[in-house]
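Each chain is listed here by its residues.
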Amino acid sequence: MPREKIIIDTDPGQDDALAILLALASPDELEVLGITAVAGNAPLAYTQVNSRKICELAGRHDVKVYAGADRPLVRELHTAPEVHGSTGLNGPVLPEPTMPLQEEHAVDFILRMLAEHPPGTVTLVPVGPLTNIAKAFMRDPGAAARVKRIVLMGGASSEGGNSTPTAEFNIFVDPHAAEIVFRSGAELVMFPLDVTHQVLTTERRMDRIRAIGTPVAEASYQMLDYYRQYDQKKYGTDGGPLHDPCTIAWLLNPALFRGRRCNVEIEVDSPLCTGQTVVDRWNVTKRPINTLYMQWADSDGFFDLLTERLARL
Ligand code: BDR
Ligand code: CA
C-alpha cells in the first residue's frame, strides 16, 4: 500500500499534539507533507510555535510547519485557555523550538501541494477551526476537487455542543469557514463529539502511556494530565475526551470507528445555534450526502494503537 500523503491543519492544543505524534509515529502508513497552524485553541503566535515544539519532541526537525490564518473569516477569534491553558499547550515544559517556521503561508502551501501532486492523492486532516482550508478553497475554487478527502475533527449532534448547547468548538470558532468546506464537494470524514466523547483518557490508559518510560511518553502523559482536568470536572468522567487523534487513528485503522453517510450542513447565523452541525441522519431533507459521520469508536482499540505508536518515538 502506498503511504497516504496528509497535511495536518491544527491549533495545538494537547489533543492536537497527540494527533501529530500519532501521525509522526506512523511513517509506514502516513507521509506528513507538512503541518499548517491556525488560530483556535490559542492565538496563532502560540499554535505555530506549539506545532514546532511537538515535531521536535518527536525528533522530527525535518517536518515543515507553516503559519496560516490568525483569525476566523468573519467572527472575532474565540480561544479556549480554560481548557488548554494560556499557551494552548500547558502541562509539560517543552523547549523553545529551534526548527524554523516556513516563510510560505499555510494557504499557499496547501494549494501548492494540491497542485504539485496528482488529483486525489493528498488528504487534508483539519483538527482545528477550518479557516485555512476555507481560504484555500476560496482562493482556488478547483482545489476541493483535487483533495483525496478531508478527515476532520469537529461538530456534534446527539452529544450536544461543548462551546454552546449546540455547537462544538472548532465549528463554533469559524462557522463561515466550515460552511465553505462542507459545501465544497470534497469527500468528508467527520469525527464529532458524538464519537470523540467515547475516547476517554482514563486513569488506566494514562498509566499505560506513562509506563512506556520515554521522554515522548512522559510529555504526552503530562499534556493529557493537564488537559483532562477541565473535562473531567465538566462531565464527571474518568478521563477527558481525546478528540483530534481519532482522525489519524481512522487513517491507520478504519475498523476502529463506525459511522453513517449523510448530509451535514452548518448553521452560520442564529442567535442560539451558530456553529451547529445540522446532521440529517434519516435523509429527511434529500440534500446531497456529503459526509461520513462517525458515531462509534472502539476506544480500547484506539488506546492500544496510540500506546503502541507512542512507544516507537
Ligand atoms: C476540539 O476543540 C479543541 O479544543 C480541541 O483541540 C479539539 O480540536 C474539540 O471540541
Ligand atoms: Ca484541535
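The paragraphs below set out a description of the structure included in this document. The structure displayed is predicted, hence computed values, not measured ones.

Some remarks on the pairing of strand β6 (residues 188–191)
Both faces of β6 are covered, namely the face carrying Leu188 and Met190 and the face carrying Val189 and Phe191. Where strand β5 (residues 147–153) lies against β6, four bridges are found, and the strand directions are parallel. Within β6, the position partnered with Ile150 by the bridge is Leu188. Pairing of β6 with strand β9 (residues 291–297), which is carried by three bridges, proceeds in the parallel orientation. Of the residues in β9, the one forming a bridge with Met190 is Tyr293.

Overview of the pattern of salt bridges
Going through the model one piece at a time under the given rule, you end up with 22 salt bridges. Across the pair Arg112 and Glu104 runs a salt bridge, and its minimum N-O distance is 2.8 Å. Judged by relative accessible area, Glu104 falls into the partly exposed class, the value being 23%. Asp108 is paired through a salt bridge with Arg139; the nearest N and O atoms lie 2.6 Å apart. With a gap of 31 residues between them, Asp108 in helix α4 (residues 106–116) and Arg139 in helix α5 (residues 131–139) connect regions that are remote in the sequence. Accessibility expressed as a relative area gives 33% for Asp108, which makes it partly exposed. Within this structure, Glu29, Glu308, Arg309 and Arg312 form a network of salt bridges that share partners.

Details of the coordination of the calcium ion (ligand 2)
With distances of 2.3 to 2.6 Å, the protein atoms coordinating the calcium ion (ligand 2) are Asp11 (OD), Asp16 (OD), Asp16 (OD), Val127 (O) and Asp244 (OD). According to the relative accessible area criterion, Asp11 is buried, its value standing at 0%. Its relative accessible area of 1% is what places Val127 among the buried residues.

Concerning the site of ligand 1
Ligand 1 sits among Asp15, Asp16, Asn41, His84, Val127, Met153, Asn162, Glu168, Phe169, Asn170, His243 and Asp244. Contacts to ligand 1 include Asn162, whose side-chain N or O atom sits 2.9 Å from an oxygen atom. Here Glu168 contributes a side-chain N or O atom positioned 2.4 Å from an oxygen atom of ligand 1. Across the complex, the protein chains shield 97% of the 280 Å² of accessible surface that ligand 1 would expose by itself.

Some remarks on the nonpolar core
One recurring pattern in soluble globular proteins is that nonpolar side chains are buried together. Formed by 60 residues in total, the largest nonpolar core has its most connected members in Ile248 and Phe257. The biggest single contributor to this core is helix α1 (residues 14–24), with eight residues. For Ile248, the residues in contact, after removing those within four places along its chain, are Ile6, Ile8, Ala19, Leu22, Ala23, Leu30 and Val125.

Reading the values: rules and limits
- Residues numbered from 1 in each chain as written.
- Chains lettered and ligands numbered in written order.
- Predicted model: local features only at pLDDT ≥ 70, side-chain atom pairs only at ≥ 80, totals over all residues.
- Heavy atoms only, no water.
- Buried < 20%, exposed > 50% of the residue type's maximum accessible area, 1.4 Å probe, protein only.
- Helix = DSSP H or I, 4+ residues; strand = E, 2+ residues; numbered from the N terminus.
- Pairing = 2+ DSSP bridges.
- Salt bridge = Lys/Arg side-chain N within 4 Å of Asp/Glu carboxyl O.
- Donors = N, O, S within 2.8 Å, 3.2 Å for Na, K, Ca; no water.
- Near = heavy atom within 4 Å.
- Polar contact = N/O pair within 3.5 Å; in protein donor to acceptor, adjacent residues only side chain to side chain.
- Areas by Shrake-Rupley, 256 points an atom, 1.4 Å probe, with all protein chains shown as cover.
- Core = buried A, V, L, I, M, F, W, Y, C linked by side-chain atoms within 4.5 Å.
- Contact = heavy atoms within 4.5 Å.

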